[in-house]
There are 2 protein chains.
Amino acid sequence: MKKNKMARRDFLASIGRAVGSSAMLRTMAAMGIATTLNACGSSSAATGNPANPPAPPAPPAPPGSLISPRPGDWPANVGVGKTVAILGGGISGMTAALEMTRLGYNCTILEATATTGGRNRTIRAGDVVNETDSSQTCLYDFDNELYFNPGPARIPHHHEFLLGYCREFGIALETFTNVNHAALMHSTTAFGGQPVIARRIHADSRGSVARLLALAVNQNALDAELTAADKTNIIAMLRNFGDLDGSLDYVGSSRAGFPGQENTGSRRRGELVNPLVLRDLINETFWQQRQGFAEGLEQQPTMLQPVGGMDRIARAFEAQVLNDIVTDAEVTEIRKSTGGVRIIYDRLGTPTQLDADFCVCTIPATVLRNIANDFSAAHQAEINNFSYASAGKIAFQSRRFWEQDHNIYGGISWTTQDITQIWYPNSGFGQNNGILVGAYIFGGSAGVNFANQSIQQRINSAIAQGSNLHPEVNAEATRGVSVAWSKVPFQLGAWGTSSPFTLLTPDENIVFAGEHLSILQGWQEGAILSAYHAIDIVVAIT
Amino acid sequence: MKKNKMARRDFLASIGRAVGSSAMLRTMAAMGIATTLNACGSSSAATGNPANPPAPPAPPAPPGSLISPRPGDWPANVGVGKTVAILGGGISGMTAALEMTRLGYNCTILEATATTGGRNRTIRAGDVVNETDSSQTCLYDFDNELYFNPGPARIPHHHEFLLGYCREFGIALETFTNVNHAALMHSTTAFGGQPVIARRIHADSRGSVARLLALAVNQNALDAELTAADKTNIIAMLRNFGDLDGSLDYVGSSRAGFPGQENTGSRRRGELVNPLVLRDLINETFWQQRQGFAEGLEQQPTMLQPVGGMDRIARAFEAQVLNDIVTDAEVTEIRKSTGGVRIIYDRLGTPTQLDADFCVCTIPATVLRNIANDFSAAHQAEINNFSYASAGKIAFQSRRFWEQDHNIYGGISWTTQDITQIWYPNSGFGQNNGILVGAYIFGGSAGVNFANQSIQQRINSAIAQGSNLHPEVNAEATRGVSVAWSKVPFQLGAWGTSSPFTLLTPDENIVFAGEHLSILQGWQEGAILSAYHAIDIVVAIT
């Protein structure tokens, strides 16, 4: 989820020599390096002269040119007569198969498990969740709305390739809510350990910031910055920004709601809730950081989700490339052969060999490092050292007490406890039961602890911690199902967190892909962009 | 939509004498006046002694007591043997009928049109829209997602009675988006008249505010307010609030997106879009006011809408009270009779008489002032002077260019032009066509102008103005349907804007209801709260 800003001249020179300058320029674009990319949208990728050194850095790119490769950039039928072994049937692997098939390549996806999608997964009644040392069976009731997305669960509105495939495949989408002002913010060491309704945090933070800035402006403290007209205008803006009163004081706001609002809705009026003291809103990192999350480009509204579960996307991709998929095919060796690749995989106990002209390897680095291979030392080193987030979630079936008793429809509550977040379902509003994500732990020591807990310990701690936000959790959250991605076979991690470098370059006829090799680590759109990058390289060396 | 803060002792004394002190206290609560309301939730409403003067003002209410009446507050079977004529089959009238029937009252709803719901209305293919001087037939294609809510179109999450009825009636709800960072903000006189993507306004406003406040803090301008620890903490918070850099400067942010973002999604990285200059963000009222809208209690996320159209709610209410509704019944006289009321109505040309013990009159004041009646002079005067917003909307069928070409999924764009807002559909994402609300005009002179335009003029001006935000509107927005509420028969206005006073009190056995008599004018929840208030009075005098 972090933008990589890399400017690695040596690496770019090497990819320039290896695969042609057009692919190099696109690699630069994918890595976020400003350049002029006149070739984008053309089919000149294969025309670069490998002997030429890369051009010196270009002036800043004109609008619209600094973009990574996309379908349409490659010559029609460029892959006819060529075969590709795609390792891993997740989003990146299926994207590569789909788009390369369209270019004429003959693709075979080897998927280690019985199901495509990789970390794109939805758990429903009867599903089995295996980790390296445990197995759970989901005991939710059978219902279209009783599902749990343990991996990706939301889609930013500008992830246009993923959304384009949803449109192409006819996948129904609905709105996902990150910020719900009725949700809760909870620190064990602030406000007496009591959760605070989010609207108070929003309103009172803005109120305090606006009041202080208005004060500074009117004390002429910013006269070096502001003209008299600016001062008048910013005061008017700040009154609106923070809901200041006529004296430019912040004495609370209806934006923060009314006393008893958690369960009296709009019936109650007439007195404002007391504003939170600024000091309490800034004296812990937890509160400081609540000011930015949903402003980020990847978390801004509108966010989306597929109706009925994220795996609608995996199933739709799968339907596109169904004839090219071999499931239960665990790759055991990745070899270079003369002018191509040789893959050995184990299919239900039978070793099998697949020869191909190219290999697109989307296997997570955590898994790949334990597969016999002929990779270069540089590629192997980066694979061995690639870090992953140890993230996990747990989800319970429960009466929708959050809707019925607290007017919470979707969104996220935050806590300083290990569970980090509680997610409320963004669909099925008004039904009696729903799936409550009782913990979403992004990583760090909390993620490691979560993974190391027994299944029952995860349930117990999520209920204990969740009850500090919603006492109802204790009695009503049932049938907990958890996924710790670092212990899921063939994943062994939630998403890549290292900056990719050598793995963005081909190793002879082997190219690498997956969310971990993208500018959008941890996102399905990153998996897709990475697949396009891999295709771009294969096309260049075809 | 405004909270009324009234403290009108004389009026309260009069209602105390007329209907008992418990109902008076609830009226005070409904009006937002702090008081102790021990009777709330009990059945003592009818026990007050009309001869006693009201008690002196009580100390501020304890938490949870300052709430308006609700079902459950009234004695079981209190209405048995009593009849009620309910005038108007909108949300308030149907709520009154539903809840009074549950109390044993025998209710009859007289609805002037052929359809219940009032301003709760959804327009689909083939529907006819009549105004006082025009008629339109909706030519949208037949499709579940091709509908237009010309009246209420969103539900705040804390409108718990409306949402409770949705739950009770099994009405499916989905998320409605007010704030979409991919939508546009447009002033004809700022930024060269070009629309600006909303994320830039959000990010750069926060960035500028945070930068200036950090500057003031570090120049010790606020030392009278902040301790040294406070200063350290607020700086940390402001960095997060505004995405300031290490020098506490704001030089732009990925929150504002990347160049070309309107149609290159996430592919583009590596250079930030230039931040908007603070001066341009504060020098027009339009930009100043964009800072507050969705922070308001009634517009905060989560907002909701019924799947398939707002009239799902009207149809569900209607099903509850179906046997009590007389449609096409235009009330022509409202009379007081001995111990009751006498209503004369015209049903398809036939004058008919309805006698009842009580009347709950939900007819908008704009219409009511032209119906013959026996109201007191005070009631008549308030009816005659009651103001309404002249709001209206127009909606087009179009290819979803906003999704396909601009990554806009739901939400609202704003402009200084008369059309005020453009709404994108919040459902049916990914389908080829959708309904684009091309203008939502709240009132004022723009609303009056809109109402006075011919149907074709409204279409022409909405397309001309909309094209300044989206050039696609010119070619692709078709089949426009408009509603100007001030010209819709039996409504003659969008919502009440005067502060109600006398109309909150009964006129003998006639009580008044409707959104205009609530603390939530213009909202369906207000219509419901008003109905509860009317019931409370009727119960008190039964």
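Residues numbered from 1 in each chain as written. Chains lettered and ligands numbered in written order. Predicted model: local features only at pLDDT ≥ 70, side-chain atom pairs only at ≥ 80, totals over all residues.

Some remarks on the overall build of chain A
Right, so step 1: If you tally the helices and strands in chain A, you get 17 helices and 21 strands.
Right, so step 2: Sorting the 542 residues of chain A into buried and exposed places 57% on the buried side.
Right, so step 3: A sequence separation of at least 24 residues applies to 70% of the contacts in chain A between residues at least 6 apart. (Helix = DSSP H or I, 4+ residues; strand = E, 2+ residues; numbered from the N terminus. Buried ≥ 20, exposed ≤ 12 C-beta atoms within 10 Å, placed from the backbone. Contact = placed C-beta atoms within 7 Å.)

Observations regarding the domain arrangement of chain A
How big an interface is tends to be stated in terms of the accessible area lost upon association of its parts.
Right, so step 1: Assigned domains of chain A: these are domain 1 (83–117 + 324–387 + 498–541), domain 2 (128–182 + 301–309 + 389–487) and domain 3 (204–283).
Right, so step 2: The centre of domain 2 of chain A, based on its C-alpha atoms, is set 34 Å off from the matching centre of domain 3 of chain A. (Domains from an automatic or database assignment.)

Notes on unusual backbone geometry
Residue and element names in this part refer to chain A.
Right, so step 1: Geometrically, the link from P301 to T302 is a cis peptide bond, its omega value of 0 degrees lying close to zero.
Right, so step 2: Within the fold, T302 resides in the loop between α9 (285–289) and β9 (303–306).
Right, so step 3: With a phi angle near 60 degrees, R479 is a residue other than glycine that sits in the positive phi range.
Right, so step 4: Tracing the backbone shows R479 in strand β20 (residues 478–484).
Right, so step 5: One non-glycine residue with positive phi stands out, namely F490, at about 70 degrees.
Right, so step 6: Relative to the assigned elements, F490 resides in the loop between β20 and β21 (510–512).
Right, so step 7: On the basis of neighbour counts, which here come to 16 C-beta atoms within 10 Å, the residue F490 falls in the partly exposed class.

Quick word on the environment of A228(B)
Right, so step 1: With respect to the helices and strands, A228(B) occurs in helix α6 (residues 228–242).
Right, so step 2: Separated by 309 residues in the primary sequence, A228(B) and I537(B) place their C-alpha atoms 57 Å from one another.

Let's talk about the confidence of the model for chain A
Residue and element names in this part refer to chain A.
Right, so step 1: For chain A, the mean per-residue pLDDT works out to 89, and 87% of the residues sit at or above 70.
Right, so step 2: In the model, residues 1–65 has pLDDT below 50 throughout and makes 121 contacts with residues more than four positions away in sequence or in other chains.
Right, so step 3: Confidence metrics for the complex model read pTM 0.90 and ipTM 0.89. (pLDDT = per-residue confidence, 0-100.)

Quick notes on the nonpolar core
Right, so step 1: Ranked by size, the top nonpolar core spans 280 residues in total, and within it L213(A), C359(A), V360(A), L213(B), C359(B) and V360(B) carry the most contacts.
Right, so step 2: If we skip the residues at most four places from it in the chain, L213(A) touches L238(A), V209(B), L212(B), L213(B) and A216(B). (Core = buried A, V, L, I, M, F, W, Y, C linked by C-beta atoms within 7 Å.)

Some remarks on the relation of the copies chain B and chain A
The relation between the two copies of this chain is a rotation about an axis and a shift parallel to it.
Right, so step 1: When chain B is fitted onto chain A, the two copies agree to an RMSD of 0.0 Å after a turn of 180 degrees and an axial shift of 0.0 Å. Overall, the copies show the geometry of a two-fold rotation axis. Closest approach to the rotation axis within chain B is made by the C-alpha atom of L213(B), at a distance of 2.7 Å.
Right, so step 2: In this assembly, 100% of the residues forming the interface of chain B have copies in chain A that are likewise at the interface, indicating an isologous arrangement. (Least-squares fit on C-alpha atoms with pLDDT ≥ 70 in both.)

Here we look at the interface of chain B and chain A
Right, so step 1: In this assembly, 87 residues from chain B lie in contact with 87 residues from chain A.
Right, so step 2: Mapped onto the side of chain B that touches chain A, the elements with two or more residues apiece are α4 (160–169), β6 (173–176), α5 (198–218), α6, α7 (261–264), α8 (278–282), α9 (285–289) and α17 (524–541) of chain B.
Right, so step 3: Residue classes in the side of chain B that touches chain A are distributed as 34 nonpolar, 35 polar and 18 charged. (Nonpolar A, V, L, I, M, F, W, Y, C, P; charged D, E, K, R; others polar.)

Thoughts on α4(B)
Right, so step 1: For α4(B), the complete set of buried residues consists of E160(B), F161(B), L162(B), L163(B), Y165(B) and C166(B).
Right, so step 2: Count one or two residues on from α4(B) and you reach G170(B), which has phi positive near 75 degrees.

Quick look at the environment of R400(B)
All names here are of chain B.
Right, so step 1: Among the secondary structure elements, R400 is positioned in the loop between β16 (392–399) and α13 (401–404).
Right, so step 2: As for R400 and E472, which are separated by 72 residues in sequence, their C-alpha atoms are 9.9 Å apart.
Right, so step 3: Filtering out sequence-adjacent residues up to four positions away, R400 remains in contact with Q431, N432, N433 and G434.

Comments concerning the sheet that holds β6(B)
Residues and elements named next belong to chain B.
Right, so step 1: Taken in spatial order, the three strands of this open sheet run β5-β9-β6, and their pairing is antiparallel. For this open sheet the edge positions go to β5 (155–156) and β6, each flanked by a neighbour on one side alone.
Right, so step 2: Sheet analysis places β6 next to strand β9 (residues 303–306), joined by four bridges and oriented antiparallel. In the strand pairing of β9, F176 is matched with M303. (Pairing = 2+ DSSP bridges.)

Things to note about the packing of helix α3 (residues 91–102) of chain B against α17(B)
Residue and element names in this part refer to chain B.
Right, so step 1: Running from N to C, α3 and α17 point in directions that differ by 45 degrees, and their axes come no closer than 8 Å. What the angle tells us is that α3 and α17 run oblique. Note that α3 runs across α17; the crossing there is right-handed. Along the contact surface, α3 presents I91, S92, T95, A96, E99 and M100, while α17 presents Q524, A527, I528, S530, A531, A534 and I535.
Right, so step 2: Among the residues making up the contact of α3 with α17, the classes are represented as eight nonpolar, four polar and one charged. (Axes fitted to C-alpha atoms, helices over the stretch in contact; angles between N-to-C directions. Parallel < 35°, antiparallel > 145°, perpendicular 65-115°, else oblique. Left-handed = near helix turned anticlockwise from the far one by under 90°.)

Focus on the pairing of strand β17 (residues 411–415) of chain A
Residues and elements named next belong to chain A.
Right, so step 1: Judged by how many residues are buried, β17 sits mostly within the fold: five of five residues are covered.
Right, so step 2: Of the two faces of β17, the one holding G411, S413 and T415 and the one holding I412 and W414 are both buried throughout.
Right, so step 3: The pairing of strand β7 (residues 184–186) with β17 spans two bridges and is classified as parallel. Following the sheet pairing, H186 is matched in β17 by T415.
Right, so step 4: Of the pairings in the sheet, the one linking β17 to strand β18 (residues 421–424) comprises four bridges and is antiparallel in character. When the sheet's bridge partners are listed, S413 is paired in β18 with I422.

A look at the packing of helix α5 (residues 198–218) of chain A against α5(B)
Right, so step 1: α5(B) packs onto α5(A) with a crossing angle of 60 degrees between their chain directions and a minimal axis gap of 9 Å. The orientation of α5(A) with respect to α5(B), classified from their angle, is oblique. The element α5(A) and its partner α5(B) pack so that their crossing is left-handed. Of α5(B), the residues touching α5(A) (which contributes V209(A), L212(A), L213(A) and A216(A)) are V209(B), L212(B), L213(B) and A216(B).
Right, so step 2: Its residues placed into classes, the contact of α5(A) with α5(B) shows eight nonpolar, no polar and no charged.

Looking at the sheet that holds β21(A)
All names here are of chain A.
Right, so step 1: One open sheet holds the five strands; their spatial order is β10-β2-β1-β14-β21, and the pairing between them is parallel. Each edge of the open sheet carries a strand with a single partner, namely β10 (325–326) and β21.
Right, so step 2: Examined bridge by bridge, strand β2 (residues 106–110) and β10 share two bridges and lie parallel to one another. Bridged to I109 within β10 is I325.
Right, so step 3: Packed onto the sheet, helix α17 (residues 524–541) meets β14 (358–361) and β21 and runs at close to 160 degrees relative to β21.

Quick look at the pairing of strand β13 (residues 350–356) of chain A
Side-chain positions along a regular strand alternate between the two faces of the sheet.
Residues and elements named next belong to chain A.
Right, so step 1: The pairing of strand β12 (residues 340–347) with β13 spans seven bridges and is antiparallel. Pairing of D346 across the sheet is with P351, part of β13.
Right, so step 2: Taking the residues between adjacent antiparallel strands as the criterion, β12 and β13 are bridged by two residues, where L348 takes a positive phi near 50 degrees.

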